Amino acid sequence: MNLRIAISIKLLSVLLFAVMSVLVRFVGEKVPLGQVVFFRSAFAILPVVAIYAWRGELGAAVRTRRPFGHVTRGLISVASMYLNFASLARLPLIDATAIGFASPLITVALAALILKEPVRIYRWSAVVVGFAGVVVMLWPYLDISTVVAAGSTASTVGAICAITACFTNAGSVIQTRRLTDSETTASIVFYFSLICTFAGLASLPFAWSPPSAAELTALISIGVIGGLSHLLLTESYRYAPASVVAPFDYVALFWAFLFGYILFGEIPTYFVYAGAAIVAGSGLFVIWRERQLGLAGRLKTP
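Residues numbered from 1 in each chain as written. Predicted model: local features only at pLDDT ≥ 70, side-chain atom pairs only at ≥ 80, totals over all residues. Heavy atoms only, no water.

## What about the overall build of the chain?
Counting its regular elements, the chain contains 15 helices and zero strands. Its C-alpha radius of gyration of 19 Å places the chain within 12% of the 19 Å reference for a compact globule of 302 residues. For the chain, the spread of C-alpha atoms along the principal axes amounts to about 65 × 45 × 35 Å. Out of the 302 residues belonging to the chain, those deemed buried represent 48%. Restricting to contacts in the chain with at least 6 residues of sequence separation, those with at least 24 account for 89%. Surface exposure of the chain reaches about 14,700 Å², of which carbon and sulfur atoms provide 71%. One way to put it: in the chain the 21 positive side-chain charges average out to a point 10 Å from where the 12 negative ones average out. (Helix = DSSP H or I, 4+ residues; strand = E, 2+ residues; numbered from the N terminus. Rg over C-alpha atoms; globule rule 2.2 N^0.38 Å. Buried < 20%, exposed > 50% of the residue type's maximum accessible area, 1.4 Å probe, protein only. Contact = heavy atoms within 4.5 Å. Areas by Shrake-Rupley, 256 points an atom, 1.4 Å probe, with all protein chains shown as cover. Lys, Arg positive; Asp, Glu negative; His and termini not counted. Charge placed at Lys NZ, Arg CZ, Asp CG, Glu CD.)

## Digging into the nonpolar core
The biggest cluster of nonpolar side chains holds 65 residues, and the ones touching the most others in it are Ile99 and Ile222. For this core, the element with the highest residue contribution is helix H1 (residues 3-28), accounting for nine residues. Residues within four places of Ile99 in sequence aside, it is in contact with Leu91, Met137, Leu138, Ala162, Ile163 and Cys166. If you look at the next biggest cluster of nonpolar residues, it comprises nine residues, including Tyr52, Ala186, Phe190 and Tyr191. (Core = buried A, V, L, I, M, F, W, Y, C linked by side-chain atoms within 4.5 Å.)

## With respect to the side chain of Ser80
Here Ser80 lies in helix H5 (residues 67-90). Excluding residues that lie within four positions of it along the chain, Ser80 makes contacts with Ala165, Thr168 and Asn169.

## Overview of the confidence of the model for the chain
Of all residues in the chain, 91% attain a pLDDT of 70 or more, and the chain-wide mean is 83. Helix H9 (residues 144-150) is the least confidently modelled element of the chain, averaging 57 in pLDDT, while helix H2 (residues 33-42) averages 91, the highest of any element. (pLDDT = per-residue confidence, 0-100.)

## A short note on helix H8 (residues 121-142)
Over its 22 residues, H8 runs 30 Å from end to end, which matches the ideal 32 Å to within 8%, given 1.5 Å per residue. Maximal helix bending in H8 amounts to about 30°, located at Val136; proline Pro140 follows within four positions. For H8, the set of buried residues is Arg123, Ala126, Val127, Gly130, Gly133, Val134, Met137, Leu138, Pro140 and Tyr141. (Expected span 1.5 Å × (residues − 1). Bend = angle between axes of the 7 residues up to and from the residue.)

## Points about a nonpolar patch on the surface
A cluster of nonpolar residues, Phe26, Phe257, Tyr261, Ile262, Leu263, Phe264, Ile267, Tyr270 and Tyr273, forms a patch on the protein surface that exposes about 1,000 Å² of accessible area. For the nonpolar patch, the secondary-structure elements that each account for two or more residues are helix H14 (251-264) and helix H15 (270-300). With five residues, the top contributor of residues to the nonpolar patch is H14. With respect to the secondary-structure elements, Leu263 resides in helix H14. (Patch = residues over 30% accessible without salt bridge, like charges linked within 9 Å, V, L, I, M, F, W, Y side chains within 5 Å. Salt bridge = Lys/Arg side-chain N within 4 Å of Asp/Glu carboxyl O.)

## With respect to the environment of Gly281
By the element assignment, Gly281 lies in helix H15. The class for Gly281 is partly exposed, based on a relative accessible area of 38%. Taking the C-alpha atoms as reference points, Gly281 and Ala111, 170 residues apart in sequence, are found 20 Å from one another.

Listed below in structure tokens is the structure:
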């Protein structure tokens, strides 16, 4: 237990994920999605292999007893990556980030339905309220009159991709929980990156374009930063309980607002402010509830 280290690593991870989102937004309108997925996954393997080799744990990253479980998780993650990147290319940065925070609430529902985890009325209530917040954020994109006035459906497609990505992200978390019964963190991260690399490469015959020097630099950076962020995220949970570290995910809203305003001139609407507050409040309530239940369970243990 070292809260200072855990929180510092977590905040660095959140910042790097925000930078990665900025770079995806930068190349999103010019570079095909499959190409972005390839670079995000292929170059993410480099820091993963380097760090686990330095630790002497590279063998643990390659060994697996459940290859088909990794394939399932990888395919779900590929869908998530495509949808996330599609939403970032079509939506303001803070809109895509805020909608993405519905994913933990969906994970609660899927954990009850698929993993049969006990979910009581408090957490179900938080899920329902959180979805209400998502509807508030999505409203401008689903309002037909607004879409017609804008003369483009790109933002509506982006909003649909964003909310669909929340479901696939939640599905990936559920499959990860299943894998942790027998697989190491190193193998889960390694095979995730490997499968997504092949999935991105499979799009080569359909839609690839020669990137400019700036785009190539951004694409490579997306992969390296994504890999480092993933490792830092995992490492932060080594030093403190999830209920302590997880709330700092919401710092991403600050970075999304700052980067979106400075780099792209994006100003959030009142719908985003209101919906994000509802979703963040619901998510924090779920985390608080998990912590209370965990403390109660430890007190009952003789």
